[in-house]
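The lines below spell out each chain.
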Amino acid sequence: LCLQVPELEKATVRIRQPERVREIIQSLREQGVAKLQVISDFDMTLSRFGCNGRRCPTSYNILDTSRVISEDGKQKLKDLLHYYYPIEIDPNRTLEEKCPLMVEWWTRAHELLVQQKIHKGDIAQIVRESEAMLRYGHGDFFDQLHENNIPLFIFSAGIGDVLEEIIRQANVFYSNVNVVSNYMDFNDDGVLTHFKEPLIHTYNKNNTVLQGTEYFQQLSTRTSIILLGDSMGDLTMADGVPSVENILKIGFLNDKVEERRGKYLDSYDIVLERDETLDVVNGILRYILTE
């Protein structure tokens, strides 16, 4: 397989069942471009986890740390993060334990953001001033999908308004990109009043929040899927797809690599450890798309 996809030789790549991965990639290629769709998380999956030893911001961080949030607001948001993030990534807690706590975290964070009276008109500038970065190779990734009319479904527990702006400013917000995320609702004066339903957190990225969206119904012939994520919660993102024939799950293991490696290798077909690029994804796409 490395002959066809040399990127799989990278030191960051780990695969538990190479033979199985080879078969899936082969099937994706045989099924052809007309059957392919890509389903991806955004924060720390399409966007970078770190740069020069520093953490890159998520779509929430961008807002949390921006000039439109008061010092008191920033501190309270940081306190929430320090309390809930360890729960989110704790490998020893069950999903049943985590879910209500995630709802609590997101709800409290949204309430704090609403109190800040954020203006819709400020978002583009906030993103411009932030250190948000898409992964290396993002241009190639978005371009390949767009040129081949392959739908890209971004399923994010972040803030839709912010992540859309990041993609827009990178000049890759093409017509084949569809986003489901937490969107803000503004009043007639352009001031944030609340967040729209449904609330999407790390562990409900599945059918439950896609009820009533026709997106996957319209794509019922797109039965080959490349799924990209960076958490255990991302593994259910394709649950809304009516009949999956082939699915290749690629996981970015950004953080606490040693303690989480086993779980990721059990769950994802390909695990990319501390890899800030989309090289492997682009290599696989290139292989699938070449005649």
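The residue numbers shown here count from 1 along each chain, following its written sequence. Two thresholds apply to this predicted model, a pLDDT of at least 70 for residue-level local features and 80 or more for giving and counting side-chain atom pairs, whereas whole-chain, interface and lining totals are computed over all residues. Hydrogens are left out, water is left out, and the side-chain values use all remaining heavy atoms of the structure.

Going by the annotation in an unreviewed UniProt entry, the name recorded for the chain is 5'-nucleotidase, with Grantiella picta given as the source organism. UniProt positions are given in the numbering used here, feature names are shortened, and annotations may be inferred rather than shown by experiment. Regarding the chain, the relevant UniProt record gives this comment under Function (unreviewed entry): "Specifically hydrolyzes 7-methylguanosine monophosphate (m(7)GMP) to 7-methylguanosine and inorganic phosphate. The specific activity for m(7)GMP may protect cells against undesired salvage of m(7)GMP and its incorporation into nucleic acids. Also has weak activity for CMP. UMP and purine nucleotides are poor substrates."

**Q** Which residues make up the sheet that holds strand β11 (residues 270-273), and what values do they have?
**A** The strands that make up a sheet are held in pairs by hydrogen bonds between backbone atoms, and each pair lies either parallel or antiparallel. Reading across the sheet, the 7 strands line up as β1-β11-β10-β9-β2-β5-β6 and stay open at both edges, with mixed pairing between neighbours. At either margin of the open sheet sits one strand with a lone partner, and together these are β1 (13-14) and β6 (177-182). Where strand β2 (residues 36-40) lies against strand β9 (residues 224-229), 5 bridges are found, and the strand directions are parallel. If you follow Val-38 over to β9, its bridge partner there is Ile-226. We call two residues contacting when some pair of their heavy atoms lies within 4.5 Å. Axis definition: a line fit to C-alpha positions, over the contact stretch in the case of helices; interaxial angles, taken between N-to-C directions, run 0 to 180 degrees. Put simply, DSSP H or I for four residues or longer makes a helix, DSSP E for two residues or longer makes a strand, and each gets a number counted from the N terminus. In the packing of helix α10 (residues 257-267) onto the sheet, contacts are made with β1, β10 (246-253) and β11, and the angle to β10 comes to roughly 175 degrees. Think of it this way: DSSP has to see at least two bridges between two strands before they count as a pair.

**Q** Please give an account of the pairing of β2 that cites residues and values.
**A** Within β2, 5 of the 5 residues are buried, which leaves it mostly tucked inside the rest of the structure. Summary of the burial criterion: residues with accessible area below 20% of their type's maximum are buried, those above 50% are exposed, and those between are partly exposed, where the area comes from a 1.4 Å probe applied to protein chains only. The alternating pattern of β2 places Leu-36, Val-38 and Ser-40 on one face and Gln-37 and Ile-39 on the opposite face, and all of these are buried. The pairing of β2 with strand β5 (residues 152-159) spans 3 bridges and is classified as parallel. Its bridge partner lying in β5, Ser-40 is registered against Ile-154.

**Q** A description of the domain arrangement of the chain should follow, citing residues and the corresponding values.
**A** Domain ranges listed in this record stem from an automatic or a database domain assignment. What the domain assignment reports for the chain is domain 1 (6-51 + 133-289) and domain 2 (54-129). Inter-centroid distance (C-alpha atoms) of domain 1 to domain 2 is 21 Å. Taken residue by residue, the interface counts 35 residues in domain 1 and 31 residues in domain 2. Note on definitions: buried area is the accessible-area loss of two parts on being combined, 1.4 Å probe, summed for both. Of the roughly 2,900 Å² buried between domain 1 and domain 2, counting both surfaces, carbon and sulfur atoms make up 68%. Taken together, the elements giving at least two residues each to the side of domain 1 that touches domain 2 come down to β3 (50-51), β5, α7 (160-169), β7 (184-186), β8 (192-195) and α10.

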